[in-house]
Amino acid sequence: MQLKLRRAPERDVLDAGSSSVIGLDLVAVGTGAPGAVAVIESIGGTVLLSVVDADGQRGPSIPIDVRISPGARTSVPLTVTPARCDPHAIAEDKQGTRFPVTVRLDGQHRVTLTVAADDSTGAALYDAIRRGCRLPG
């Protein structure tokens with residue numbers, strides 16, 4: 001399975017302080033032998049971003065429970081919110097756009113993968129964090 005993060009700014013609600021949310025999509029493409037199924041069970045937050053569940057509650061991780069068959073492409077909408085807004089932590093961050101994703105392979109083996117935002121998505125996330133925290137750009 002291939003996983004990628006994509007910004008979804010149409011779901012942003014920024015400049016709202018602790019209520020700010022940032023839209024993301026987790027894009028999954030199934031790989032492997034025919035009949036092999038992977039299930040994305042959950043995604044966790046980072047040092048800078050907490051994940052937000054369907055009820056608007058932030059937490060260390062949220063369930064996803066999406067099945068991915070070989071050749072299938074699925075986009076899972078996510079929202080995250082700044083976990084911290086101190087400028088020093090944002091400026092010095094090295095892990096804030098790397099999300100842990102728990103996947104179950106073939107119904108048996110559970111693994112945790114790290115999905116890192118590419119450079120342009122990472123830059124957009126840092127910009128959204130600064131805006132959501134009402135920090136100068």
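What you are looking at is a predicted structure, and each value in this text was computed from that prediction instead of being measured. (Residues numbered from 1 in each chain as written. Predicted model: local features only at pLDDT ≥ 70, side-chain atom pairs only at ≥ 80, totals over all residues. Heavy atoms only, no water.)

Chemist: I tried to follow the overall build of the protein chain on my own but got confused; where do I start?
Modeler: In terms of helices and strands, the protein chain carries two helices and nine strands. Going from the N terminus to the C terminus, the protein chain shows its helices and strands as β-β-β-β-β-β-β-α-β-β-α. For a compact globule of 137 residues, the expected C-alpha radius of gyration is about 14 Å, and the protein chain comes in at 15 Å, within 12% of that figure. By principal-axis analysis of the C-alpha atoms, the protein chain measures approximately 50 × 30 × 25 Å. Restricting the contact set of the protein chain to residue pairs at least 6 apart, pairs at least 24 apart contribute 68%. Carbon together with sulfur atoms contributes 50% to the accessible area of the protein chain, which is approximately 7200 Å² in total. (Helix = DSSP H or I, 4+ residues; strand = E, 2+ residues; numbered from the N terminus. Rg over C-alpha atoms; globule rule 2.2 N^0.38 Å. Contact = heavy atoms within 4.5 Å. Areas by Shrake-Rupley, 256 points an atom, 1.4 Å probe, with all protein chains shown as cover.)

Chemist: Before we go on, may I ask you to explain the pairing of strand 2 (residues 22-29) in this structure?
Modeler: One face of the sheet, then the other: side chains in a regular strand alternate in exactly this way. Here strand 2 lies mainly inside the structure; seven of its eight residues are buried. In the sheet, strand 1 (residues 2-7) pairs with strand 2 via six bridges, with the strands oriented antiparallel. Paired with Leu3 across the two strands is Ala28, which belongs to strand 2. Strand direction decides the pairing type here: strand 2 and strand 7 (residues 73-82), joined by eight bridges, are antiparallel. (Buried < 20%, exposed > 50% of the residue type's maximum accessible area, 1.4 Å probe, protein only. Pairing = 2+ DSSP bridges.)

Chemist: I would appreciate a short explanation of the confidence of the model for the protein chain in the present structure.
Modeler: Close inspection of predicted coordinates is inappropriate for parts of the model with low pLDDT. Chain-level pLDDT for the protein chain is 91 on average; 97% of the residues reach the 70-or-more range. Looking across the protein chain, the model is least confident in strand 5 (residues 58-59), with a mean pLDDT of 88, and most confident in strand 3 (residues 38-44), with 96. (pLDDT = per-residue confidence, 0-100.)

Chemist: Looking at this structure, I do not really get the sheet that holds strand 5. What am I missing?
Modeler: Whether parallel or antiparallel, the strands of a sheet pair through hydrogen bonds between backbone atoms. The strand order across the open sheet formed by five strands is 1-2-7-4-5, and the pairing between neighbours is antiparallel. At either end of the open sheet lies a strand with only one pairing partner, and these are strand 1 and strand 5. The sheet strands contacting helix 2 (residues 119-132) are strand 1, strand 2, strand 4 (49-52) and strand 7, and the helix crosses strand 1 at an angle near 45°. (Axes fitted to C-alpha atoms, helices over the stretch in contact; angles between N-to-C directions.)

Chemist: Looking at this model, I keep getting lost on the nonpolar core. Mind explaining?
Modeler: Among soluble globular proteins, nonpolar side chains are generally buried collectively. The biggest cluster of nonpolar side chains holds 31 residues, and the ones touching the most others in it are Leu26 and Ile43. Breaking this core down by element, the ones donating at least two residues are strand 1, strand 2, strand 3, strand 4, strand 6 (61-68), strand 7, strand 8 (98-105) and helix 2. (Core = buried A, V, L, I, M, F, W, Y, C linked by side-chain atoms within 4.5 Å.)

Chemist: Looking at this structure, how should I read the pairing of strand 3?
Modeler: Across the seven residues of strand 3, seven count as buried, placing the element largely inside the fold. Here six bridges tie strand 3 to strand 6, and the two strands are oriented antiparallel to one another. Considered in strand 6, the bridge of Ser42 is made with Pro63. Two strands pair when backbone bridges link them, and strand 3 and strand 8 are joined in this way by five bridges, in the antiparallel orientation. Note on strand 8: the bridge partner recorded for Ile43 is Val101.

Chemist: Is there a simple way to explain the side chain of Asp12 in this structure?
Modeler: You can see Asp12 is positioned in the loop between strand 1 and strand 2. Take Asp12: its relative accessible area is 17%, and that puts it in the buried class. Setting aside residues up to four positions removed in sequence, Asp12 forms contacts with Arg7, Val21, Ile22 and Gly23.

Chemist: Quick question: what am I supposed to make of helix 2 here?
Modeler: Helical periodicity: at 3.6 residues per turn, an α-helix aligns residues three or four positions apart in one direction. Taking 1.5 Å per residue as the helical rise, helix 2 with its 14 residues ought to reach 20 Å, and the 20 Å between its terminal C-alpha atoms agrees with that figure. For helix 2, every residue scored as buried is listed here: Thr121, Gly122, Leu125, Tyr126, Ala128, Ile129 and Gly132. Looking straight down helix 2, one finds its buried side chains confined to an arc of 160°; they lie on one side. Seen from the open side of helix 2, the exposed residues pointing more than 90 degrees away from its buried face are Asp119 and Ser120. Among the structural elements, strand 1, strand 2, strand 4, strand 7, helix 1 (87-92) and strand 8 are those in contact with the buried residues of helix 2. A positive backbone phi angle near 60° is found at Arg134, which sits one or two residues after helix 2. (Expected span 1.5 Å × (residues − 1). Arc of directions from axis to C-beta.)

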